[in-house]
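Coordinates in review
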Amino acid sequence: MDIQKVGIIGAGQMGNGIAHVMALAGYDVLLNDVNKDALDAAVALIDKNLERQVSRDKISAEDKAAAVARITSTQDLPHLGTSDLIIEAATENEPVKHKIFEALIPHVQPHTILTSNTSSISITRLASGTDRPEKFMGFHFMNPVPVMQLVELIRGIATDEPTFSACKAVVDRLGKTSASAEDFPAFIVNRILMPMINEAVYTLYEGVGNVKSIDSSMKLGANHPMGPLELADFIGLDTCLAIMNVLHDGLADTKYRPCPLLTKYVEAGWLGRKTQRGFYDYRGDTPVPTR
Ligand SMILES: CC(=O)CC(=O)SCCNC(=O)CCNC(=O)[C@H](O)C(C)(C)COP(=O)(O)OP(=O)(O)OC[C@H]1O[C@@H](n2cnc3c(N)ncnc32)[C@H](O)[C@@H]1OP(=O)(O)O
Ligand SMILES: NC(=O)C1=CN([C@@H]2O[C@H](COP(=O)(O)OP(=O)(O)OC[C@H]3O[C@@H](n4cnc5c(N)ncnc54)[C@H](OP(=O)(O)O)[C@@H]3O)[C@@H](O)[C@H]2O)C=CC1
């Protein structure tokens, strides 16, 4: 199937990165968000990130101009109906995602493939709320999208082969690598990564280490590019907690119980970098640990 127009729902940190790489690969992009400020910020950030690639000779100024011209931002969800492929990248909240697909369905074409960038939520459950479970799958990018090589592709129970092949061809055209995961809570990457982050928060909660010593230990002692608490702030603590809850509920095993300290940060609205405060405070020139 020939995919040319890609609709992206949610212009947060993932939506803007997905729009960036899609436009650079030559796809026409419709970027949607309920929040006008988020849309404007996403377009400005894409411009800035493309400019950084120009300045480092990764792409030409013409490539950048062409990519920018391929992106249209819209607050009007039905506008995405002309897309061949839709990637939902709104907040990690199952009722929000169901409502988006419900509102979208009357406007999409029969051939349109629907996907979700969800970090953890059942693809089969999201698909079953649509009119086309066979044309629905998980299309899971990693953060930051322009840098990270992997895309997890997740088939729901009903996903058909042409849908999987069409999505895999898109990943190939982006120059990224796909890994196929079965549809179980949090798939592969987050099934492994998120319990490690949650354990880092328990290590902090129980006073085994402070923010700085925990992050330094994993950076210098295990060669991770970011410490687990720095990475949690980067992902978003609300998203980390939502993923732990999906693991805990979906696998019914206490080993996945979210750390109460993670819950407390989220309840405080300290969601990490996106709100300027999480395990670090980002409001000054350099991040300062909050514990
Ligand atoms: C939660 C989920 O569902 C799944 C997930 O995504 S889990 C999270 C997965 N991601 C990770 O684990 C990221 C771990 N961190 C890293 O890999 C690195 O710290 C990092 C790539 C983010 C930054 O690397 P770094 O070496 O410290 O910084 P820096 O040298 O500034 O950046 C490296 C490159 O990335 C680019 N970059 C960094 N952040 C970027 C961003 N947010 N957007 C676009 N480009 C970015 C830089 O421009 C630079 O590009 P060049 O190589 O062309 O110069
Ligand atoms: N953060 C990460 O590292 C990764 C996240 N993901 C997944 O990607 C998805 C998005 O995450 P992320 O970008 O970090 O989240 P963000 O919080 O940065 O962005 C989510 C965006 O979606 C918007 N939104 C909420 N409801 C709707 C709606 N009904 N229609 C359109 N837009 C809506 C939000 O607007 P508002 O702010 O107004 O609510 C916000 O702008 C989640 O499913 C997450 O699990 C996947 C890989 C990595």
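Everything numeric in this text was worked out from a predicted model, so none of it was measured. Sequence order as written defines residue numbering, which begins from 1 separately in each chain. Whichever chain is written first becomes A and whichever ligand is written first becomes 1, with later ones labelled in order. Residues qualify for local features only when their pLDDT is at least 70, as the model is predicted, and side-chain atom pairs are given and counted only at 80 or more; totals for whole chains, interfaces and linings, by contrast, use all residues. Side-chain numbers come from the whole structure's heavy atoms, not from hydrogens or water.

1. Here's the deal with the packing of helix α7 (residues 189–205) against helix α10 (residues 237–251)
Using the following cut-off: Axis definition: a line fit to C-alpha positions, over the contact stretch in the case of helices; interaxial angles, taken between N-to-C directions, run 0 to 180 degrees. Here a helix means four or more residues in a row that DSSP labels H or I, a strand means two or more in a row labelled E, and each is numbered from the N terminus. Orientation labels follow simple angle bins: below 35 degrees gives roughly parallel, above 145 gives roughly antiparallel, 65 to 115 gives roughly perpendicular, and whatever is left gives oblique. When the near helix sits turned anticlockwise from the far one by under a right angle, the crossing is termed left-handed; a clockwise turn instead gives a right-handed crossing. Only heavy atoms matter for contacts: two residues are in contact if any of them lie within 4.5 Å across the pair. Residue polarity is assigned by list, with Asp, Glu, Lys and Arg as charged and Ala, Val, Leu, Ile, Met, Phe, Trp, Tyr, Cys and Pro as nonpolar; anything else, Gly included, falls into the polar class.
The geometry of α7 relative to α10 is characterised by a closest axis approach of 10 Å and an angle of 110° between their N-to-C directions. Relative to α10, the element α7 is oriented roughly perpendicular. For the crossing formed where α7 meets α10, the hand is left-handed. On the side of α7, the interface is formed by Asn190, Arg191, Met194, Pro195 and Asn198, while α10 contributes Cys240, Ile243, Met244, Leu247 and Leu251. Residues that form the contact of α7 with α10 fall into these classes: 7 nonpolar, 2 polar and 1 charged.

2. Section: the packing of aromatic side chains
For clarity, the cut-off: In this scheme Phe, Tyr and Trp rings, the latter by its six-membered ring, pair at centre separations within 6.5 Å, and the angle between planes marks the pair as stacked below 30 degrees, edge-to-face above 60, and tilted otherwise. Residue exposure (1.4 Å probe, protein chains only): buried if accessible area is under 20% of the type maximum, exposed if over 50%, otherwise partly exposed. Note on criteria: charge over ring means Lys NZ or Arg CZ within 6 Å of the ring centre, with the direction from the centre no more than 35 degrees off the ring normal.
Evaluated as defined, the whole model comprises 6 aromatic pairs. Here Phe139 and Phe141 contribute two aromatic rings whose centre-to-centre distance is 5.3 Å and whose plane-to-plane angle is 15°, an arrangement assigned as stacked. Assessed through its relative accessible area of 0%, Phe139 is described here as buried. When the ring of Tyr202 is compared with that of Tyr205, the centres are 6.0 Å apart and the planes differ by 75°; the resulting orientation is edge-to-face. With a gap of 3 residues between them, Tyr202 and Tyr205 both fall in helix α7, about one helical turn apart. Ring pairs connect the aromatic residues Tyr265, Trp270 and Phe279, which therefore count as one cluster. The aromatic ring of Phe164 is capped on one face by Arg155, whose charged end is 3.7 Å from the ring centroid.

3. Quick word on the UniProt feature "binding site: NAD(+)" (unreviewed entry) in the chain
Put simply, the rule reads: UniProt positions are given in the numbering used here, feature names are shortened, and annotations may be inferred rather than shown by experiment. Polar contacts, as counted here, are pairs of nitrogen or oxygen atoms within 3.5 Å of one another; within protein the pair requires one atom able to donate a hydrogen and one able to accept it, and residues that are adjacent in sequence qualify only if both atoms are side-chain atoms.
When the UniProt feature table is mapped onto this chain, "binding site: NAD(+)" (unreviewed entry) is found at Gly10, Ala11, Gly12, Gln13, Met14, Gly15, Asp33, Glu92, Lys97, Ser119, Asn143 and Lys274. Those residues in contact with Lys97 that sit more than four places away from it in its chain are Glu88, Ala90, Thr91, Glu92, Ser116, Thr118, Ile121 and Leu126. Only 2.9 Å separates the side chain of Lys97 from the backbone oxygen of Ala90, close enough to count as a polar contact. Mapped onto the elements of the fold, Lys274 is located in the loop between α11 (260–267) and β9 (280–281). Of the residues examined, Lys274 reaches a relative accessible area of 47% and is grouped as partly exposed. Among residues more than four places away in sequence, those in contact with Lys274 are Gly236, Asp238 and Thr239. Separated by 3.0 Å, the side chains of Lys274 and Asp238 make a polar contact.

4. Overview of the sheet that holds strand β1 (residues 5–9)
Note the following rule: Here, a strand pair is defined by DSSP locating no fewer than two bridges between the strands.
Taken in spatial order, the 8 strands line up as β3-β2-β1-β4-β5-β6-β7-β8 in an open sheet, and their pairing is mixed. Across the chains shown, the open sheet's two edge strands, defined by having one partner strand only, are β3 (71–74) and β8 (177–181). Between one strand axis and the next, the sheet turns through 25° on average, direction left out of account. The sheet contact formed by strand β6 (residues 136–141) and strand β7 (residues 150–155) spans 5 bridges and is antiparallel. Each bridged residue has a counterpart across the sheet, and for His140 the counterpart in β7 is Glu152. Contacting β1, β4 (85–88), β5 (113–116) and β6, helix α4 (residues 94–104) runs over the sheet at an angle of about 165° to β5.

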